[in-house]
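Here is what each chain is made of, one letter per residue.
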Amino acid sequence: MDAGLMADPDASLARSTERSAEIEKAIASDPSQFRILTGDRPTGNLHIGHWFGSLENRVRLAHAGVETFLVIADYQVITDRDGVGPVRDRVYSLLADYVAAGLDPEKVTIFTHSSVPALNQLMLPFLSLVTDAELRRNPTVKAELDDTGERPMSALLLTYPVHQTADILFCKANLVPVGKDQLPHLEQARVVARRFDERYGRSEAEQPVFPQPEALLSRSGTVLGLDGTKMSKSKGNTIELGMTADETAKLLKRAVTDSDRHITYDPTNRPEVSNLVNLAALCLDRSPADVAADLGDTGGGGLKKLVTEAVNERFAEHRALRAEIVADPGLLAAILADGNRRANAIADDTLNEVRRAMNMDYS
């Protein structure tokens, strides 16, 4: 059994947190030494939880000069679903939010899974490097299976971590922004990179074909949904980035609070109220305690009013730019075509290198 997959979760998190701080300093000094892979499944429109949980950080890193690859994981939509739904519309919706957020498609390579055959072909040698038992122990596989209501697990769901490994390694990314719950996926990628080197071989330069990617832990906390539970597209408890100001106000009127008029920030005892306080604080770039202190005895109504104003002001520019982008579908198609072209060139090179390392190059 690989020691990496047996690591104590608390110890692993502590090491990742410490290493993330070191990486942030290294990025500030020389961003060119890093290449990032990140992305989303197009199962719905992006919401403010995505913004504060990942998108804002992606923009920060790209603007800092870190080379960034962004996968719209359309193949992964079917890991736990019977069909793809309106996947084309959702892909373009994600793309519009990426560009509106400030990700320059000339500098950031944005692509879709299904458009890069060589990336997906890497799963074949990678699957030979992991066991069924390792995959079944993966916490994210377990969580995804629980969300399916105990329906039989598809082979694609079981191999989900390996597909994510292919995402990371096809472009030889050495840095992946993740939340702490995604650390097992990254550890799986590190194990595959190491085992490939041990079993199959190295590049012509006698260097490992793949780097062992590191985690860059996200710095913001979780934003709960409007019902006080985890924000999720499937639950309908989100504020989408593309919503209008009026749509946002209507949703926030229905947000869950409590009967105590005095507003405090107490996530343990008042999670719903604290979530709204935290959302306002994130939008206003203030501390939740200060926001709560200013609200005082304004009650749920005053809290919802402040959150509505803060959200609509924070995302006004994004929404305006997004509307312009969506109005030009030809622009979105051209951006995606260019990103797919660049991703394919890199994936083809990586696959050819893998074939040579495995002694399967017959040209």
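For the structure, check the block above.
Residues numbered from 1 in each chain as written. Predicted model: local features only at pLDDT ≥ 70, side-chain atom pairs only at ≥ 80, totals over all residues. Heavy atoms only, no water.

**Notes on the overall build of the protein**
Each helix and strand in the protein was counted, giving 16 helices and five strands. Based on the C-alpha atoms only, the size of the protein along its principal axes is roughly 75 × 50 × 50 Å. Residues counted as buried form 50% of the 363 residues belonging to the protein. In the protein, 77% of the contacts between residues at least 6 apart in sequence involve partners at least 24 apart. By element, 51% of the accessible surface of the protein is carried by carbon and sulfur atoms, the whole surface being about 17200 Å². Charge-centre separation for the protein: the mean point of 41 positive side chains lies 2 Å from the mean point of 53 negative side chains. (Helix = DSSP H or I, 4+ residues; strand = E, 2+ residues; numbered from the N terminus. Buried < 20%, exposed > 50% of the residue type's maximum accessible area, 1.4 Å probe, protein only. Contact = heavy atoms within 4.5 Å. Areas by Shrake-Rupley, 256 points an atom, 1.4 Å probe, with all protein chains shown as cover. Lys, Arg positive; Asp, Glu negative; His and termini not counted. Charge placed at Lys NZ, Arg CZ, Asp CG, Glu CD.)

**Describing unusual backbone geometry**
Peptide bonds are mostly trans, and most non-glycine residues show a negative phi. Here the phi dihedral of glutamate 206 falls at roughly 60°; this positive angle occurs in a residue that is not glycine. You can see glutamate 206 is positioned in the loop between α10 (183-199) and β5 (214-217). Unlike most non-glycine residues, asparagine 359 shows phi in positive territory, near 60°. Residue placement: asparagine 359 occurs in the segment after α16 (329-357). A relative accessible area of 66% places asparagine 359 in the exposed class.

**Focus: the pairing of strand β1 (residues 35-40)**
Each regular strand shows side chains that alternate between the opposite faces of the sheet. Where β1 lies against strand β2 (residues 67-72), six bridges are found, and the strand directions are parallel. Its bridge partner lying in β2, aspartate 40 is registered against isoleucine 72. (Pairing = 2+ DSSP bridges.)

**Some points on the nonpolar core**
By size, the foremost hydrophobic cluster in this structure holds 52 residues, and its most contacted members are Leu95 and Tyr98. Looking at this core, the element that brings in the most residues is helix α3 (residues 87-101), giving 10 residues. Non-local contacts of leucine 95, meaning those with residues more than four positions away in its chain, are made with Ile72, Ile110, Leu332, Ile335 and Leu336. Grouped together as the second largest cluster of nonpolar side chains are 40 residues, Val162, Ala166, Phe170 and Val192 included. (Core = buried A, V, L, I, M, F, W, Y, C linked by side-chain atoms within 4.5 Å.)

**Examining the environment of valine 209**
Mapping valine 209 onto the fold places it in the loop between α10 and β5. Beyond its immediate stretch of four places on either side in the chain, valine 209 contacts Lys172, Phe196, Gly201, Arg202, Ser203, Glu353, Val354 and Ala357.

**What to know about the pattern of salt bridges**
Under the counting rule described, the total for this entry stands at 20 salt bridges. The residue arginine 341 makes a salt bridge to aspartate 338 at a minimum N-O spacing of 2.6 Å. Placement of both arginine 341 and aspartate 338 in helix α16 is noted, with a separation of three residues, approximately one turn of the helix. On the accessibility criterion, aspartate 338 (27% relative accessible area) is partly exposed. Overlapping salt bridges, with partners in common, bring together Arg19, Glu22 and Glu214 in one network. (Salt bridge = Lys/Arg side-chain N within 4 Å of Asp/Glu carboxyl O.)

**Quick look at the environment of leucine 158**
Along the chain, leucine 158 falls in helix α8 (residues 155-158). Take leucine 158: its relative accessible area is 12%, and that puts it in the buried class. With 18 residues separating them along the chain, leucine 158 and threonine 140 place their C-alpha atoms 9.8 Å apart.

**Comments concerning the packing of aromatic side chains**
Counting across every chain of the model gives seven aromatic pairs. Considering the side-chain rings of phenylalanine 69 and phenylalanine 170, the 6.1 Å spacing of their centres and the 90° angle between planes classify their relative orientation as edge-to-face. Highlighted residues: phenylalanine 69 in strand β2 and phenylalanine 170 in helix α9 (residues 160-170), separated in sequence by 101 residues. Ring plane angle 65° and centroid distance 5.3 Å describe the contact between phenylalanine 111 and phenylalanine 170, whose orientation is recorded as edge-to-face. Separated by 59 residues along the polypeptide, phenylalanine 111 in strand β3 (residues 108-112) and phenylalanine 170 in helix α9 bring together distant segments of the chain. Residues phenylalanine 111 and phenylalanine 170 agree in their burial class; the two are buried. Cluster of aromatic residues (ring-pair linked, three or more members): Phe126, Phe196, Tyr200 and Phe210. (Phe/Tyr/Trp six-rings, centres within 6.5 Å; stacked < 30°, edge-to-face > 60°.)

**Regarding the packing of helix α2 (residues 48-63) against α3**
Geometrically, a packed helix pair is captured by the angle between its two axes and the distance between the axes. Look at α2 against α3: their axes get within 9 Å of each other, and the N-to-C directions meet at 55°. Here α2 is positioned oblique relative to α3, judged by the angle of their axes. The element α2 and its partner α3 pack so that their crossing is right-handed. Listed contacts from α3 to Trp51, Leu55, Arg58 and Val59 of α2 are Asp97, Tyr98 and Ala101. Residue composition of the contact of α2 with α3, by class: five nonpolar, no polar and two charged. (Axes fitted to C-alpha atoms, helices over the stretch in contact; angles between N-to-C directions. Parallel < 35°, antiparallel > 145°, perpendicular 65-115°, else oblique. Left-handed = near helix turned anticlockwise from the far one by under 90°. Nonpolar A, V, L, I, M, F, W, Y, C, P; charged D, E, K, R; others polar.)

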